[in-house]
Structure formats: C-alpha cells, structure tokens
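Geometric and topological summary
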Amino acid sequence: CNSRTTEKKFLKYLSRHGDIKKHFFYESYGIYAVVEFANRESITSLLERQTHQTNSLANSANHKLPLQSMNSYRDCPKRRIDQQIISLTEAYQLTEENSRLRFLVCSLLKDIAAAYFPECTIRPFGSSVNGFGKLGCDLDMFLDLDGISGRNLKMPKSGLSLEYQMKRANSERAVTQSILSVIGECVEQFGAGCVGVQKILNARCPLVRFAHQPSGFQCDLTANNRVAMKSTELLYLYGELDQRVRCLVFTVRCWARAHGITSSIPGAWITNFSLTVMVLFFLQKRSPPIIPTLDQLRDLAGPADKSVIEGNDCTFVSDFSKIPLHSNTETLEELLHGFFEFYSTFAFSRMSINIRKGKEQNKPEVAPLHIQNPFETSLNVSKNVNATQLDRFVALCQESAWLFQQIETNTPRGLGGNDTSTPWGLASILLPLNVAGVKSRKKKRHEPASERIKSLLESLKNKNHQKKS
Ligand code: GTP
Ligand code: MG
C-alpha cells in the first residue's frame, strides 16, 4: 500500500469492488494488506482497475487452482491419466497474475540499474517465460546493455551522440563481473524489499542472487547471458508446437521434484533444464516424432533468424507456421509411460543426449550423464550430475514404468484400481516409491515442493471421499 494511505481509506477504496469479508494490515519493508472479498468477482473487478493492485491480491488470485478437476474423470478410464496430467499442469503452472508480477519485479530492478545504465533493460528468462514454470519457481533475469553500448546499433553518420565506454578490462567476463558487482551493491543498499543479496561472481555464469520479499520471488540476476535467452526461446517454441510437450515436461518436473531428483539447492542433482532437454529428446525419438530436431529448426530459419553468439550458431526458425509436424496421436498417458521406459533402459554409460541431431551420440567425454548443450555444443549441461543421482533417476524411472504397467494387469499394488480412498493413476507415481537408494535424501520431508505435492494428494483423497458420500 502507498504509505500515505490509511487503513480506512484503503478499505473504502476496495469496497467499491464488493463486500470485504476479512482483512489485515502488516508491515514488512513497507505496508501490506491481505484482503478477502466475499465474492470472487470483486477480485476481477479490482484487477481490471489495477491502480491499487498489491502483491497480496495478486497472490490471492492464485488460490483459484482447479484441483477439483483431478478426480472427475475417474469414471472414464481411457482418458483418466491424461486428465490428471492436464489438471496438474493447470493447477501448478504460472498464472497470468504471477507472470505479470515477474515482469513488474524486472521493471523495479531496471529502475535501480538505471542509476548506472539509464537505457538498460532487464528481461526475464528461464522458467518464468519458457512455458514450463511452476508457481514458486525462481525469477531469472538478464541485464541487457546492448541498447546503450552501441554494439548493435548503427551510429548516426552526423550529429552528436553520447557513448558509454568500458574501462579497459582483461576480458568480457571481468566486465560482466564488475557490472554485476556495482548493481549488486545498489540492490543491497537501495533495493526496496530486496534481502539476502549474494554476489556469486566467480560462477561459470556470474550472478547476483537475492530474495525480493514483497513478491516472494527468489531472484537471479545475470548479465551477458544471451545464450540462455536463446535456450529460453527454443524451449518456448517447443512448448508451443504441441500442447503435449508442455504437459509432459511439467509432469516430469513435478515427478522429479516429488522424489527429490531435482532440488532448489545447487549440487549434484539433475536440474530442471537438463530434465526438460531429456523430455524433448524423448519426444524427438517417438515414431513418428512429436517435435523436430534443432538442426531441422535451423534449416527452416530465414535470414532474419540468423543468430551467432560468441561464435556459437544459435539460429533457428521463429515463424512457427513454417514448421511441419507429423501426425503422432499418442496420448499423454502413453507418452509419460514411454518416457519412464525409455530412460529405464537408456545407455547412459556410452551415449550422449543430443536434441540438435535428435539422436544419441557417443559420449565425447567421461561423465555419468552427458547432455549436449544445444547451442554451446562442446559443453555438457549435466556436468554436475554424479553417478548416485543418475542411478536414482534410472531406478525411479523403472519403478514408475512398472507402476504404469499395473494399469493393464490391475494388481493390488496397481494404480489405485477401484478403491477411491487410495491415490490412483498419476497420484500414485508422485508418492514416495520404494526404490533402493532412493530414500537416501533425509531432508526430503522438509522440501516445500514435496509438501505441495503431498497436499495435492491429500486434496485428491478428500475429493474422493466427498464424491463417495
Ligand atoms: P527452474 O528455475 O528450476 O524452474 O528452471 P529454469 O529453466 O529456470 O532453470 P534455471 O533457473 O536453472 O536456469 C535458467 C535458464 O538458464 C534455463 O531455462 C536455461 O535457458 C539456462 N540454463 C540453465 N542451466 C543451463 C546450462 O547448464 N546450460 C545452458 N546452456 N543453459 C542453462
Ligand atoms: Mg529458473
């Protein structure tokens, strides 16, 4: 809330949009209000106005998640897992309000960075905008200085112009580090609601990490990270080509998080980015393929699509209508089952995953998991993954594939059978599985994402009971 607004005035303003049921005000680096309207329509009316839109209200709009639809297809066995996958995706994908909030945080940060670089821009990338983001995912931002450095601009032939110059530095990396260092300092000193600022400047990709308290986002700010912007565009394109892509990536990400295969803490786990590339590769390997290879997308590119970043060819077509698609009619259930089977038996010890070619290639170097970076082709995006983590992934794929087979045989350990009190279908593969080595992560219980999955399962059970009674 605007600090000059009184509680009374603010509530009076809001009540123009409908009756207020409950409210409370609190202070945390500013004044905030949580308000519950008697009717949902009031939120719509308020959001249309927008002038007093607070983060709390934006978040409250997230509560209309369509969890109730998860079990409503139970009587239609053919489509039931497909519907669960769609419901899971709808319930946890970023809402429009949440996406807007992400752009808003970028623009707030731009105001800070503008103290040094007046015409810079800050763009979101990664899962905030690639179509695979889950509510609560981090906000990856890119400080774009190209507009002011003149590198990409044609300078006027005459007239005066103002140029910024970097002092001599040893390398472009050193420049990036010093830019992030000053911006990091600014965010720490003056960024309203920005806390826990860490400058991680020696990472392969230097970054400033902080929490933006008012929005609740964990933020990573990078500079000079154009290849990541391109991979975000590529992932977005794949997600748009066929709606099964987004649903499948989303479900595999949720499954991996529920079993502690991925983690918000950096370490030897598989990252969401690697996992996404694995799903894309699997979809390229279907017969007929569901999505084209990156080489095919490059061959379809027009002159305006040409992009070479630091010597890496990042060209691919941007006109979706030029991309021919095969008529693959597999269901989401078949694909998810297929994904688990595919990676249960994949020759990880010898082969590298390559979405550029759409074919596995011999590993160019020793690493338990080798996934070729789509644009910087000499790099392995899963270099961090150790053998234990890869083994856990394979074991969980095997167990999940086995659980899927039980649909057909309908054994007591199957996917829920007709007993509506136990989780069934997709819900059963999101529950802890009894796989050797898989329980080794003791902290699993404390991880917020698994908590969320658990509460989702609880809500499914409750719906079942309600339906029964
Ligand atoms: P979550 O944040 O886990 O939801 O997913 P994310 O896709 O945003 O991943 P992350 O925040 O780790 O990385 C942000 C973006 O940076 C990714 O979407 C990729 O575009 C890019 N990226 C991350 N890791 C790598 C990597 O190892 N190699 C390359 N080339 N790009 C990466
Ligand atoms: Mg991210």
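Reading the values: the criteria
Residues numbered from 1 in each chain as written. Chains lettered and ligands numbered in written order. Predicted model: local features only at pLDDT ≥ 70, side-chain atom pairs only at ≥ 80, totals over all residues. Helix = DSSP H or I, 4+ residues; strand = E, 2+ residues; numbered from the N terminus. Expected span 1.5 Å × (residues − 1). Buried ≥ 20, exposed ≤ 12 C-beta atoms within 10 Å, placed from the backbone. Core = buried A, V, L, I, M, F, W, Y, C linked by C-beta atoms within 7 Å. Contact = placed C-beta atoms within 7 Å. Pairing = 2+ DSSP bridges. Axes fitted to C-alpha atoms, helices over the stretch in contact; angles between N-to-C directions. Domains from an automatic or database assignment. Nonpolar A, V, L, I, M, F, W, Y, C, P; charged D, E, K, R; others polar. pLDDT = per-residue confidence, 0-100. Near = placed C-beta within 6 Å. Parallel < 35°, antiparallel > 145°, perpendicular 65-115°, else oblique. Left-handed = near helix turned anticlockwise from the far one by under 90°.

**Brief notes about helix α12 (residues 332-344)**
Taking 1.5 Å as the rise per residue, α12 with 13 residues should run 18 Å; its terminal C-alpha atoms sit 18 Å apart, in good agreement. Of all the residues in α12, the buried ones are L332, E333, L335, L336, H337, F339, F340 and Y343.

**Details of the nonpolar core**
Core analysis: the biggest nonpolar cluster contains 61 residues, and L248, V277, M278, V279 and F339 have the highest contact counts within it. Those elements that provide at least two residues to this core are α4 (80-92), α8 (226-241), α9 (243-258), α10 (272-284), α11 (294-299), α12, α13 (387-409) and α14 (426-430). The greatest single-element share of this core, amounting to ten residues, is contributed by α9. Not counting residues within four places of it along the chain, the set of residues in contact with F339 comprises L248, V252, V279 and F282. Counting 28 residues, the second largest nonpolar core, distinct from the first, contains V129, F142, L180 and L221.

**Considering the environment of Q389**
On the secondary structure map, Q389 appears in helix α13. The class for Q389 is buried, based on 22 C-beta atoms found within 10 Å. Not counting chain neighbours up to four residues away, the residues in contact with Q389 comprise A268, W269 and I270.

**Focus: the sheet that holds strand β6 (residues 207-212)**
In a beta sheet, neighbouring strands pair by backbone hydrogen bonds and run either parallel or antiparallel. Read from one edge of the open sheet, five strands run β3-β4-β7-β6-β5, paired in mixed fashion. At either margin of the open sheet sits one strand with a lone partner, and together these are β3 (121-125) and β5 (194-200). If you compare each strand with its neighbour and ignore which way they point, the axes differ by 25 degrees on average. Note: β6 against strand β7 (residues 217-223), six bridges, orientation antiparallel. Its bridge partner being in β7, R209 is matched across the sheet by D220.

**Describing the domain arrangement of the protein**
For the protein, the assigned domains read domain 1 (1-49), domain 2 (95-148 + 171-224) and domain 3 (228-408). Each of domain 2 and domain 3 has a C-alpha centre, and the two are 27 Å apart. Of the residues contributing to the side of domain 2 that touches domain 3, the split by class is four nonpolar, four polar and one charged.

**Observations concerning the confidence of the model for the protein**
Per-residue pLDDT for the protein has a mean of 83; in total, 77% of the residues score no lower than 70. Confidence over residues 51-75 falls short of pLDDT 50; this stretch has 46 contacts with residues more than four positions distant or in other chains. Throughout residues 411-416 the model reports pLDDT below 50, and contacts reaching past four residues in sequence, or to other chains, amount to 16 contacts. Overall fold confidence (pTM) sits at 0.77, and the ipTM for the predicted complex is 0.95.

**Overview of the site of ligand 1**
Neighbouring ligand 1 are 18 residues; G126, S127, C137, S231 and N272 lie closest to it. Secondary-structure elements contributing two or more residues to the shell around ligand 1 are α8 and α10. No other element matches α8, which puts four residues into the shell around ligand 1. Per-class residue counts for the shell around ligand 1 are six nonpolar, nine polar and three charged. Among the domains, domain 2 (95-148 + 171-224) and domain 3 (228-408) are the pair contributing at least three residues each to the shell around ligand 1.

**A short note on α8**
Relative to the 22 Å expected for 16 residues at 1.5 Å per residue, α8 spans 23 Å between its end C-alpha atoms, a close match to the ideal helical length. Taken as a whole, α8 has its buried residues at M229, S231, T232, L234, L235, L237, Y238 and G239. On its buried side, α8 packs onto β3, β4 (139-144), α9 and α10.

**Digging into unusual backbone geometry**
Residue P288 is bonded to the preceding S287 through a cis peptide linkage, with omega at -5 degrees. Mapped onto the elements, P288 comes out in the loop between α10 and α11. Even without a glycine there, the phi angle at N224 is positive, about 55 degrees. Within the element layout of this structure, N224 appears in the loop between β7 and α8.

**Quick look at the packing of α9 against α10**
At a minimum axis distance of 10 Å, the contact between α9 and α10 shows a crossing angle of 135 degrees. Here α9 lies oblique to α10, going by the angle between them. The two elements α9 and α10 cross, and the hand of that crossing is right-handed. Contacts from V245, L248, V249, V252, R253 and A256 in α9 reach N272, L275, T276, V279 and L283 in α10. Split into classes, the residues belonging to the contact of α9 with α10 amount to eight nonpolar, two polar and one charged.

**Overview of the pairing of β7**
Looking along a regular strand, one sees side chains alternate from face to face of the sheet. Extensive coverage of β7 is indicated by the burial of six of its seven residues. Here β4 pairs with β7 via five bridges, running parallel. Directly across from L139, in β7, lies its bridge partner C219.

**A word on the environment of F282**
The topology assignment puts F282 in helix α10. Classification of F282 as buried rests on a count of 23 C-beta atoms within 10 Å. Separated by 70 residues in sequence, F282 and H212 have C-alpha atoms that sit 36 Å apart. Setting aside its immediate chain neighbours within four residues, F282 contacts F339 and F342.

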